[in-house]
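Descriptive structure summary
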Amino acid sequence: MAEARFQSTVGAQEGGTFIEVPLDVPAVFGGVRAPVRVTVNGHTYRSTVMRYGDRHYLPLNRANREAAGVAVGDAVDVALVAEAEPRTVEVPEDLAAALGAVHGARAAFDSASFSHRREWVEWVQEAKRPETRERRIGRVVEHVLARA
């Protein structure tokens, strides 16, 4: 299993927060968009290395920044391990029912990237009120269909 360790700095641009990966990612992990387990300050999360131009980056969203106790500009020690397990998302029953009720929606949802599926499910699950959850489920179905 491929592994790597390096030091980098937490950066940010309009699109979000990231960690630059100073490695030859295809040589180390066998592909440009390598699925990995990332560990920063003892916090581990699943991600995919992204490539922009000739550089590689890891996304670092707010939840992961807070869990790792880091901020933009901080120097960080990073450990990457190739992710061998299939990436699955457990779809809540109400979202699954809504996707199943519209022709092609479940197939489109299932064909979306792991990251999109996970974000949609988390967005639905974060709703505090039932009417907000219901509205979000409808929006997820719309997003999925627009991508199909």
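Everything below is about the structure printed above this text.
Residues numbered from 1 in each chain as written. Predicted model: local features only at pLDDT ≥ 70, side-chain atom pairs only at ≥ 80, totals over all residues. Heavy atoms only, no water.

1. Regarding the overall build of the chain
Of regular secondary structure, the chain possesses 6 helices and 7 strands. Listed N to C, the secondary structure of the chain is β-β-α-β-β-β-β-α-β-α-α-α-α in terms of helices and strands. By the burial criterion, 37% of the 148 residues in the chain qualify as buried. Contacts in the chain between residues far apart in sequence, at least 24 positions, make up 61% of those at least 6 positions apart. Element-wise, carbon and sulfur atoms account for 47% of the exposed surface of the chain, whose accessible area totals about 8900 Å². (Helix = DSSP H or I, 4+ residues; strand = E, 2+ residues; numbered from the N terminus. Buried < 20%, exposed > 50% of the residue type's maximum accessible area, 1.4 Å probe, protein only. Contact = heavy atoms within 4.5 Å. Areas by Shrake-Rupley, 256 points an atom, 1.4 Å probe, with all protein chains shown as cover.)

2. Re the packing of helix 3 (residues 93–100) against helix 6 (residues 130–147)
Axis separation between helix 3 and helix 6 bottoms out at 10 Å; the angle between their running directions is 45°. In terms of orientation, helix 3 and helix 6 fall into the oblique class. As for the relative orientation of helix 3 and helix 6, their crossing is right-handed in sense. Contact residues: helix 3 offers Asp-94, Leu-95, Ala-98 and Leu-99, while helix 6 offers Arg-133, Ile-137, Val-140, Val-141 and Val-144. Taken together, the residues of the contact of helix 3 with helix 6 sort by class into 7 nonpolar, no polar and 2 charged. (Axes fitted to C-alpha atoms, helices over the stretch in contact; angles between N-to-C directions. Parallel < 35°, antiparallel > 145°, perpendicular 65-115°, else oblique. Left-handed = near helix turned anticlockwise from the far one by under 90°. Nonpolar A, V, L, I, M, F, W, Y, C, P; charged D, E, K, R; others polar.)

3. Quick word on the side chain of Thr-17
Residue position: Thr-17 is located in strand 2 (residues 16–21). Separated by 2.9 Å, the side chains of Thr-17 and Arg-65 make a polar contact. When neighbours within four sequence positions are excluded, Thr-17 is seen to be in contact with Val-10, Gly-11, Ala-12, Leu-58, Pro-59, Leu-60, Arg-65 and Val-72. (Polar contact = N/O pair within 3.5 Å; in protein donor to acceptor, adjacent residues only side chain to side chain.)

4. Let's talk about helix 6
Its 18 residues give helix 6 an end-to-end C-alpha distance of 26 Å, which sits within 8% of 26 Å, the value for a rise of 1.5 Å per residue. Those residues of helix 6 that fall on the buried side of the exposure criterion are Thr-132, Arg-136, Ile-137, Val-140, Val-141 and Val-144. At its buried positions, helix 6 is contacted by helix 3, helix 4 (105–111) and helix 5 (114–125). (Expected span 1.5 Å × (residues − 1).)

This is a description of form; function is not addressed.
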